[in-house]
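Analysis of the macromolecular model
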Amino acid sequence: MYTQAMDLPDPSAKLHVVGQPDAAQAEFDLKIDADRKIEPQDWMPEAYRKTLLRQISQHAHSEIVGMQPEGNWISRAPSLKRKAILLAKVQDEGGHGLYLYSAAETLGQSRDTMLEALHSGKAKYSSIFNYPTLTWADVGVIGWLVDGAAIMNQIPICRCSYGPYARAMIRICKEESFHQRQGFESLLTQMKGTQAQRDMVQDAVNRWWWPVLAMFGPPDADSPNSANSMRWGIKRISNDDLRQKFVDATIPQAKILGVTVPDPDLEWNEQRGHYDYGAIDWDDFWAVVNGNGPCNKERLATRVKAHEDGQWVRDAALAHARKVMARELKEAA
Ligand SMILES: [Fe+2]
Ligand SMILES: [Fe+2]
């Protein structure tokens, strides 16, 4: 889920993309121009590698931290059916993290290094997961809106120029589609229930709407890395265009559900053929990105604890692998 297109300033991205006279650069440019895939063994500019590594690892971190807000509700799901669905979804997110760490490793960084960056607070993950899940309706709204925004963001990444990332995204997008639909269906059921349930859904939509719009990243005018990412075929559609697509697709769904979004400026613009929407509070977004959201500390502490608690599993898996290898070597001798 959730690359978020966080175009934080990165000095390496200022390296020249084109104009290097050597043959390897020329071949890379040709592949990009022809819309062919770049594979791990191919030569690539250092800035391309760094941009991808930052984006894919940030994406992987978001998947595994994203297990927490909904994971909190597994033990409190209102029925066995909802519990089974939620367990499957949260497990999917863990799987997405694993595909993405594997894709990032092909760029030459170890998983330990990436996790160390996450645990020390150096690496970012999507700020959307720093908001709390206060009621059961939040779980449905996360599926409908957060996974919905993630799909909008990630469908174009299936055509990313870097092969391992593009291929991982194809499977991930299929699973995100299930996540989005289960969220919508859960909310639809709640909206057919009591007035208290309908109020709970509306309250959750009110709290999540603006942070979800911010998931698409800063406005295009403030996205310093976008031009290179577009040139390299890592990014295909701008933050503002994706955000508009999301609003246009989601408002008709809100009408079916019978909820409103907390935006007095939201209005269909006949001339543009799109919905107009109000101003996003970017100060709040940056405060959360920079560690001051409602749950930043809690999320990171839970992640570090889970990693430490899992040490014995990693040790056991390694010991087993060594034993198997030693046996195979002995048999081959
Ligand atoms: Fe995911
Ligand atoms: Fe998801």
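Quick look at the overall build of the protein chain
Along its length, the protein chain carries 13 helices and two strands. Based on the C-alpha atoms only, the size of the protein chain along its principal axes is roughly 70 × 50 × 30 Å. Looking at the protein chain as a whole, 51% of its 333 residues qualify as buried. The long-range share in the protein chain, meaning contacts at least 24 apart out of those at least 6 apart in sequence, stands at 80%. When the 39 basic and 43 acidic side-chain charges of the protein chain are each reduced to a single mean position, those positions are 6 Å apart.

Concerning the coordination of the iron ion (ligand 1)
With distances of 2.0 to 2.2 Å, the protein atoms coordinating the iron ion (ligand 1) are Glu-63 (OE), Glu-93 (OE), His-96 (ND1) and Glu-176 (OE). Each of the four donor atoms bound to the iron ion (ligand 1) contributes to angles spanning 87 to 143 degrees, and the resulting shape is irregular. Positions of the donor residues of the iron ion (ligand 1) along the chain correspond to the pattern E-x29-E-x2-H-x79-E. Between the iron ion (ligand 1) and the iron ion (ligand 2), both coordinated by Glu-93, there is a metal-metal distance of 3.4 Å. A residue pair is termed long-range when its members are at least 10 positions apart, and Glu-63 in helix 2 (residues 46-65) and Glu-93 in helix 4 (residues 80-105) qualify at 30 residues. In this structure, Glu-63 and Glu-93 share a single accessibility class: buried.

Observations concerning the packing of helix 8 (residues 195-214) against helix 10 (residues 239-257)
At a minimum axis distance of 10 Å, the contact between helix 8 and helix 10 shows a crossing angle of 145 degrees. On helix 10, the residues touching Trp-209, Val-212, Leu-213 and Ala-214 of helix 8 are Arg-243, Phe-246, Val-247, Thr-250 and Ile-251. For the contact of helix 8 with helix 10, a count of residues per class yields seven nonpolar, one polar and one charged.

Focus on the packing of helix 12 (residues 296-309) against helix 13 (residues 311-332)
Between helix 12 and helix 13, whose axes approach to 4 Å, the crossing angle comes to 35 degrees. From helix 12, His-307, Glu-308 and Asp-309 reach across to helix 13, where they touch Gln-311, Trp-312 and Arg-314. Classifying every residue of the contact of helix 12 with helix 13 gives one nonpolar, two polar and three charged.

Notes on the packing of aromatic side chains
Under the counting rule described, the total for this entry stands at 11 aromatic pairs. Members of the aromatic cluster, each reached through a chain of ring pairs, are Phe-28, Trp-43, Tyr-48 and Trp-232. A cation over a ring is seen here: Arg-76 above Trp-73, with NZ or CZ 3.9 Å from the ring centre.

Details of the coordination of the iron ion (ligand 2)
At 1.9 to 2.2 Å from the iron ion (ligand 2) lie its protein donor atoms, namely Glu-93 (OE), Asp-147 (OD), Glu-176 (OE) and His-179 (ND1). In this structure, the iron ion (ligand 2) is surrounded by four donor atoms whose angles at the metal cover 88 to 154 degrees, and the resulting shape is irregular. Each donor residue of the iron ion (ligand 2) lies on the same chain, and together they follow the pattern E-x53-D-x28-E-x2-H.

Thoughts on the confidence of the model for the protein chain
Here the protein chain averages 92 in pLDDT, while 93% of its residues score no lower than 70. In this model, residues 4-19 is a region of pLDDT below 50 whose contacts with residues beyond four sequence positions or in other chains number 48 contacts.

Observations concerning the environment of Tyr-275
By the secondary structure assignment, Tyr-275 is in strand 2 (residues 274-276). Tyr-275 sits 41 residues away from Ala-316 along the chain, and the two C-alpha atoms are 54 Å apart. Once residues lying within four places of it in the same chain are set aside, the contact partners of Tyr-275 are Gln-244, Val-247, Asp-248, Ile-251, Pro-252, Lys-255, Leu-266, Glu-267, Trp-268 and Asn-269.

Overview of the environment of Pro-132
Assignment of secondary structure puts Pro-132 in the loop between helix 5 (111-119) and helix 6 (136-154). By relative accessible area, Pro-132 is classed as partly exposed at 27%. Sequence separation between Pro-132 and Arg-207 is 75 residues; the distance between their C-alpha atoms is 9.7 Å. Residue contacts for Pro-132: discarding those within four places in its chain leaves Asp-138, Arg-207, Trp-208, Pro-294, Cys-295 and Arg-299.

Digging into the side chain of Arg-299
By secondary structure assignment, the location of Arg-299 is in helix 12. Residues contacting Arg-299, with those up to four places away along its chain left out, are Val-65, Gln-68, Pro-69, Asn-72, Tyr-125, Phe-129, Asn-130, Tyr-131 and Pro-132.

The rules behind the values
Residues numbered from 1 in each chain as written. Chains lettered and ligands numbered in written order. Predicted model: local features only at pLDDT ≥ 70, side-chain atom pairs only at ≥ 80, totals over all residues. Heavy atoms only, no water. Helix = DSSP H or I, 4+ residues; strand = E, 2+ residues; numbered from the N terminus. Buried < 20%, exposed > 50% of the residue type's maximum accessible area, 1.4 Å probe, protein only. Contact = heavy atoms within 4.5 Å. Lys, Arg positive; Asp, Glu negative; His and termini not counted. Charge placed at Lys NZ, Arg CZ, Asp CG, Glu CD. Donors = N, O, S within 2.8 Å, 3.2 Å for Na, K, Ca; no water. Tetrahedral: all angles 85-135°; square planar, octahedral: opposite > 155°, others 65-115°. Axes fitted to C-alpha atoms, helices over the stretch in contact; angles between N-to-C directions. Nonpolar A, V, L, I, M, F, W, Y, C, P; charged D, E, K, R; others polar. Phe/Tyr/Trp six-rings, centres within 6.5 Å; stacked < 30°, edge-to-face > 60°. Lys NZ or Arg CZ within 6 Å of the ring centre and 35° of its normal. pLDDT = per-residue confidence, 0-100.

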